[in-house]
Amino acid sequence: MIEFHPVTKHIGAEVTGVDLRKPLSQEEVATLREGWLKHLVLFFRDQQIDDEQHLQFALNFGTLNHPAFKKDSASPIHVLDQTSPKSEGADEWHSDNTFEPTPPMGSLLRCVQLPSVGGDTCWANTYLAYESLSPPLQRLCDELTAVHDITMSMKKAIAKGHPFDLAEVQAKWPPIERPVVRVHAETGRKALFVNRSSTTRLVGLSDRENEALLPLLIDHIRSPEYQCRLKWAPGTLAFWDNRPTQHYAVADYTERRRMHRVTINAFPEHADPS
């Protein structure tokens, strides 16, 4: 029987009673989806699966998404193989690819190889970040939009030696405006939707107002009460909802860390209204 064991009060649960090497029944998929929507990120321990099993598990919940920075478009598996992660971009609180016209719904990240110490990942609950704002600030945020831009992330990648053409990437993904408060397509709950990696300004506010308010909103999700932290082990898989969460990859290691990720878009019935 599938069971969910919360790791904090507000976000994260370890899942037992499921073997990801085997196909899932419709009832199991429905149970996992319900738990995922409730806990926002699920952790599966001791799952010795291969890339194909990883992919098939992911496709129970959405369609395949090819991340913007993925160089090998032929493979559905995005390999994150790092020994020097500092300032690569994942060591900031962020939601994935909010500069895309339709950001991915979620990701399933699997640990393959770890350094001897370090390499944890943290997640934050952005429903709670919104709900804990004062009512006047909530009302203001409800009315605001923000610009999301790939440029900041791309400049960091180029500075770390990745061979991207900045102008080409900017032409492919021009800046886009999004609501500061996102309404989840499945739960109907409101979540704060700005992040340090991609959000550049609040639309309609002066520079001085932006300098005061945008950092406040971005930093608001850093409170530990909104967060959980995962200590990885080979065979651990994390499955998170990208819509009401942000995550942070702790860059505290200098040995090899290898992770395999599948990123998914929402099925039409679970997509944001156009």
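Reading the values: rules and limits
- Residues numbered from 1 in each chain as written.
- Predicted model: local features only at pLDDT ≥ 70, side-chain atom pairs only at ≥ 80, totals over all residues.
- Heavy atoms only, no water.
- Helix = DSSP H or I, 4+ residues; strand = E, 2+ residues; numbered from the N terminus.
- Rg over C-alpha atoms; globule rule 2.2 N^0.38 Å.
- Buried < 20%, exposed > 50% of the residue type's maximum accessible area, 1.4 Å probe, protein only.
- Contact = heavy atoms within 4.5 Å.
- Areas by Shrake-Rupley, 256 points an atom, 1.4 Å probe, with all protein chains shown as cover.
- Lys, Arg positive; Asp, Glu negative; His and termini not counted.
- Charge placed at Lys NZ, Arg CZ, Asp CG, Glu CD.
- Expected span 1.5 Å × (residues − 1).
- Axes fitted to C-alpha atoms, helices over the stretch in contact; angles between N-to-C directions.
- Parallel < 35°, antiparallel > 145°, perpendicular 65-115°, else oblique.
- Nonpolar A, V, L, I, M, F, W, Y, C, P; charged D, E, K, R; others polar.
- Salt bridge = Lys/Arg side-chain N within 4 Å of Asp/Glu carboxyl O.
- Pairing = 2+ DSSP bridges.
- Right-handed = clockwise from strand over helix to strand, strands pointing away.

Asks: Now, about the overall build of the chain: what can you tell me, with residues and values included?
Replies: On a plain count of helices and strands, the chain comes out with seven helices and 16 strands. In terms of C-alpha radius of gyration, the chain reaches 18 Å, essentially the compact-globule figure of 19 Å for 274 residues. Its C-alpha atoms give the chain principal-axis dimensions of roughly 55 × 40 × 35 Å. Going through the 274 residues of the chain one by one, you find that 51% of them count as buried. When contacts within the chain are restricted to residue pairs at least 6 apart in sequence, those whose partners lie at least 24 apart make up 83%. Accessible area of the chain: about 12,900 Å², with a carbon and sulfur share of 52%. Across the chain, the centroid of the 30 positively charged side chains sits 3 Å from that of the 36 negatively charged ones.

Asks: Hey, could you go over helix H7 (residues 207–220) for me, with residue numbers and the actual values?
Replies: Here H7 contains 14 residues, and its C-alpha end-to-end distance of 20 Å stays within 8% of the 20 Å for a straight helix at 1.5 Å per residue. Residues of H7 that are buried include every one of Asn210, Leu213, Leu214, Leu217, Ile218 and His220, and no others. Buried residues belonging to H7 abut helix H3 (126–131), helix H4 (135–143), strand S11 (190–192) and strand S12 (199–202).

Asks: Please provide a residue-by-residue account of the packing of H4 against H7, values included.
Replies: Two numbers describe how H4 lies on H7: the axes approach to 13 Å, and their chain directions differ by 105°. Between H4 and H7, the crossing angle belongs to the class labelled roughly perpendicular. From H4, Leu137, Leu140 and Cys141 reach across to H7, where they touch Leu213, Leu216 and Leu217. For the contact of H4 with H7, the residue count by class is six nonpolar, no polar and no charged.

Asks: Let's hear about the pattern of salt bridges: which residues, and what values?
Replies: As enumerated under the stated definition, the model contains 14 salt bridges in all. Across the pair Arg229 and Asp120 runs a salt bridge, and its minimum N-O distance is 2.9 Å. Placement of Arg229 in strand S13 (residues 227–230) and of Asp120 in the loop between strand S6 (106–113) and strand S7 (121–125) is noted, with a sequence separation of 109 residues between them. A relative accessible area of 12% places Asp120 in the buried class. The partner of Arg189 in a salt bridge is Glu131, with the nearest N and O atoms 2.9 Å apart. Separated by 58 residues along the polypeptide, Arg189 in the loop between strand S10 (181–183) and S11 and Glu131 in helix H3 bring together distant segments of the chain. Taking the relative accessible area as the measure of exposure, Glu131 reaches 38% and is therefore partly exposed. Within this structure, Arg33, Glu186, Asp241 and Arg243 form a network of salt bridges that share partners.

Asks: Please give an account of the environment of Gln113 that cites residues and values.
Replies: With respect to the helices and strands, Gln113 occurs in strand S6. A residue is classified by how much of its surface remains accessible, and Gln113, at 28% relative accessible area, is partly exposed. As a C-alpha pair, Gln113 and Leu144 span 31 residues in sequence and 42 Å in three-dimensional space. Sequence-distant contacts of Gln113, defined by excluding residues within four places in its chain, comprise Arg256, Arg257 and Arg258.

Asks: Residues and numbers for the pairing of strand S3 (residues 41–44), please.
Replies: With burial as the criterion, each face of S3 is covered, one bearing Val41 and Phe43 and the other bearing Leu42 and Phe44. Sheet topology places strand S2 (residues 13–16) next to S3; three bridges connect them, and they run parallel. When the sheet's bridge partners are listed, Ala13 is paired in S3 with Leu42. Note on the crossover from S2 through helix H1 (residues 26–39) to S3: the handedness is right-handed.

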